[in-house]
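Examination of the molecular architecture
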Amino acid sequence: MKDNDITIVGGGMIGLATAALFVREGFQVLLLDAGPPAHWDAASVEGRVSAISPSTRNLLDHVGVWRAIAERRVSPYTAMRVRDSHSAARIAFDAADEGVAALGHIVENALIATCLTERLGHNYNVTLRHDVRVTGFDGDDNGQATLTLENGETVHSTLVVAADGAQSALRALAGIPMDAQDFRQDAITATLECERHHGGAALQVFTPEGPIAMLPLSDNRCSLVWSRDREQDEDLLALDAGEFCSRLEMHFSDQLGGLRLLGDRLRFPLGSRHAAVYTGTRLALVGDAAHTVHPLAGLGANLGMQDAGALVQTVATARDGGKSIDGRGVLRRYERWRRGENAIAIRAMQGFKEVFGSELAPLRQLRAAGFQFADRVMPLKHALVQYAIGTRGDLPTVCHPRTGD
């Protein structure tokens, strides 16, 4: 007898959201995570954050956690200001032009995970197990999927979902190869206090070494994502706090004034990865286990949430139609839906990096002209901001606003 319908490996934002969506559809779910439960501390300085698009906000609302998130700490952004450091090229997006209250919300990853964990803790159709490592996977064990745990225990289910991140152990156990590209860049993240109020605007400047983004937080703070070529001689983490802030002020002082570092600086290597396939026998990949993109457009978490919505919608539709939820045709339907959408995002971010990272005079002129053209042509500008905020494309139903409430 199968232990449950769905086993999800990975207890981050995407794994927890996938579990919440499956539970919402009436499936029996087991979630296994190698780490401890998520914990958000209101007294702490904001840690890693995501720019949550309206489509992701809708998904979180559908599973009943958005209100709990919003009541604790979210930072809406109503504008995006993007410019090129080596020219007068710039483009601005405003929520008012799109007829929406906000282009998105900056939310701490730990807060999203904590609220999802709390929500799932009240549902008898889901079991959460932490500090559990998966060491074996067999997708065709007498008509079921079997996971072997580090303690020797085996877990059986109809379908297994890999949501265990970019270094997915489950993807490796299933033998699914990755197309990987090292950008030879690192991202430095930190939280800073600003002398001037950010006005709810997300700021980004493209430099030859990489893009720098300042995302608005509560209490006049900003979350920094500073992407920088790895071969640069200077180690930004080795600078003292004052010198580090001075370097940032060179790019943002006219908008934010003086800056003060709060908490630690962290470094993450950047690259793109794309799984050769998103599915195997009784297995589906979602989120970073399937793909990673450059953070310059803030798409990563939102693409992962769309994966979760698409997978659950595809599986639930198959069940409601009397089909087996682990059928190859069913899983391939999910793969066709999401792999093409994600491939477009990956290629677009790679293209942006190449164009904006080049100091060749023709490319400098091209990007300056492109910025100016896009900023003046409203239909194009509207299409760009719709893609950036996740309201364009073939979205799962849960990524649309709830109706009839």
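Since this is a predicted model, take the numbers as computed values, not measurements. (Residues numbered from 1 in each chain as written. Predicted model: local features only at pLDDT ≥ 70, side-chain atom pairs only at ≥ 80, totals over all residues. Heavy atoms only, no water.)

Moving on, we come to the overall build of the chain. Scanning the chain from N- to C-terminus turns up 11 helices and 19 strands. When burial is assessed residue by residue, the chain has 55% of its 405 residues classed as buried. In the chain, of all internal contacts separated by at least 6 residues, the share reaching a separation of at least 24 is 73%. Counting only carbon and sulfur atoms, one obtains 50% of the accessible surface of the chain, whose full area is about 17500 Å². (Helix = DSSP H or I, 4+ residues; strand = E, 2+ residues; numbered from the N terminus. Buried < 20%, exposed > 50% of the residue type's maximum accessible area, 1.4 Å probe, protein only. Contact = heavy atoms within 4.5 Å. Areas by Shrake-Rupley, 256 points an atom, 1.4 Å probe, with all protein chains shown as cover.)

Glancing now at the packing of aromatic side chains. Taken as a whole, this structure holds 3 aromatic pairs when the rule is applied. Sitting over the ring of phenylalanine 268, arginine 48 keeps its end group 4.0 Å from the ring centre. For the cation-ring pair, arginine 265 lies above phenylalanine 244, with the distance from its terminal atom to the ring centre recorded as 4.7 Å. (Phe/Tyr/Trp six-rings, centres within 6.5 Å; stacked < 30°, edge-to-face > 60°. Lys NZ or Arg CZ within 6 Å of the ring centre and 35° of its normal.)

Here the focus is the sheet that holds strand 14 (residues 210–216). In spatial order, the strands read 6-5-13-14-15-12-16-19; together these 8 strands make up an open sheet with mixed pairing. For this open sheet the edge positions go to strand 6 (90–94) and strand 19 (291–292), each flanked by a neighbour on one side alone. By the bridge criterion, 9 bridges tie strand 12 (residues 178–194) to strand 15 (residues 221–229) in an arrangement that is antiparallel. From the neighbouring strand, aspartate 186 faces strand 15, where its bridge partner is arginine 228. (Pairing = 2+ DSSP bridges.)

Let us look at the sheet that holds strand 4 (residues 75–77). With respect to topology, 3 strands assemble into an open sheet ordered 3-7-4, the strand pairing being antiparallel. Each edge of the sheet is formed by a strand with only one pairing partner; in this case those strands are strand 3 (49–52) and strand 4. Looking at each pair of strands side by side, their axes are set apart by 25° on average, direction ignored. Of the strand pairs in this sheet, strand 4 and strand 7 (residues 104–108) are connected by 3 bridges, and their pairing is antiparallel. Paired with serine 75 across the strands is isoleucine 106, a residue of strand 7. (Axes fitted to C-alpha atoms, helices over the stretch in contact; angles between N-to-C directions.)

A separate point is the nonpolar core. Membership of the largest hydrophobic core comes to 71 residues, with the highest contact counts inside it found for Phe22 and Ile69. Of the residues forming this core, the biggest block, 9 residues, is contributed by helix 1 (residues 13–24). Leave out the neighbours within four places in its chain, and phenylalanine 22 touches Ile6, Ile8, Phe27, Val29, Leu159, Val161, Leu311, Val312 and Val315. In this structure, Cys194, Ile212, Phe252 and Leu259 belong to the second largest nonpolar core, which totals 22 residues. (Core = buried A, V, L, I, M, F, W, Y, C linked by side-chain atoms within 4.5 Å.)

Glancing now at the pattern of salt bridges. Applying the stated rule across the entire model yields 16 salt bridges. Of the charged contacts, one joins arginine 282 and aspartate 140 as a salt bridge, the two residues approaching to 3.3 Å between their closest N and O atoms. In this pair, arginine 282 is assigned in the loop between strand 17 (279–280) and strand 18 (283–285) and aspartate 140 in the loop between strand 9 (134–138) and strand 10 (145–149), connecting sequence segments 142 residues apart. Exposure remark for aspartate 140: the relative accessible area of 52% places this residue in the exposed category. (Salt bridge = Lys/Arg side-chain N within 4 Å of Asp/Glu carboxyl O.)

Moving on: the environment of aspartate 235. Mapping aspartate 235 onto the fold places it in the loop between strand 15 and helix 7 (241–256). A residue is classified by how much of its surface remains accessible, and aspartate 235, at 34% relative accessible area, is partly exposed. One polar contact links the side chain of aspartate 235 to the main-chain amide nitrogen of leucine 237, over a distance of 3.0 Å. A polar contact of 3.2 Å, which involves the side chain of aspartate 235, links it to the side chain of arginine 267. (Polar contact = N/O pair within 3.5 Å; in protein donor to acceptor, adjacent residues only side chain to side chain.)

This part covers the environment of threonine 135. Within the fold, threonine 135 resides in strand 9. Here the alpha-carbon distance between threonine 135 and alanine 169, two residues 34 residues apart in the chain, equals 8.0 Å.

Here aspartate 219, not a glycine, exhibits a phi torsion of approximately 55°, which is positive. Residue aspartate 219 is classed as exposed on the basis of its relative accessible area, which comes to 63%. A positive phi angle, near 55°, is found at arginine 282, a position not held by glycine. The class of arginine 282 is buried, set by a relative accessible area of 14%.

For the rest of this paragraph, the subject is the side chain of threonine 189. Along the chain, the position of threonine 189 falls in strand 12. If we ignore the near neighbours within four places in the chain, the residues touching threonine 189 are Leu224, Val225, Asp264, Arg265, Leu266 and Phe268.

Next up on the list: helix 1. Every α-helix winds through 3.6 residues per turn, so residues three or four apart in the chain are directed the same way. Over its 12 residues, helix 1 extends 16 Å from the first C-alpha to the last, a length consistent with the 16 Å expected when each residue adds 1.5 Å. Buried residues dominate helix 1, accounting for 11 of its 12 residues. Of the residues making up helix 1, those classed as buried are Met13, Ile14, Gly15, Leu16, Ala17, Thr18, Ala19, Ala20, Leu21, Phe22 and Val23. Positioned one or two residues after helix 1, glycine 26 has a phi angle of 90°, which is positive. (Expected span 1.5 Å × (residues − 1).)

Most of strand 14 is tucked away: 7 of the 7 residues are buried. Strand direction decides the pairing type here: strand 13 (residues 201–207) and strand 14, joined by 5 bridges, are antiparallel. Counted as the bridge partner of phenylalanine 206 is proline 211 from strand 14. Between strand 13 and strand 14, which pair antiparallel one after the other, the connecting turn spans 2 residues. Here strand 14 folds back onto strand 15 in antiparallel fashion, the turn holding 4 residues, of which aspartate 219 has a positive phi close to 55°.

No statement about biological role is implied by the geometric values presented.
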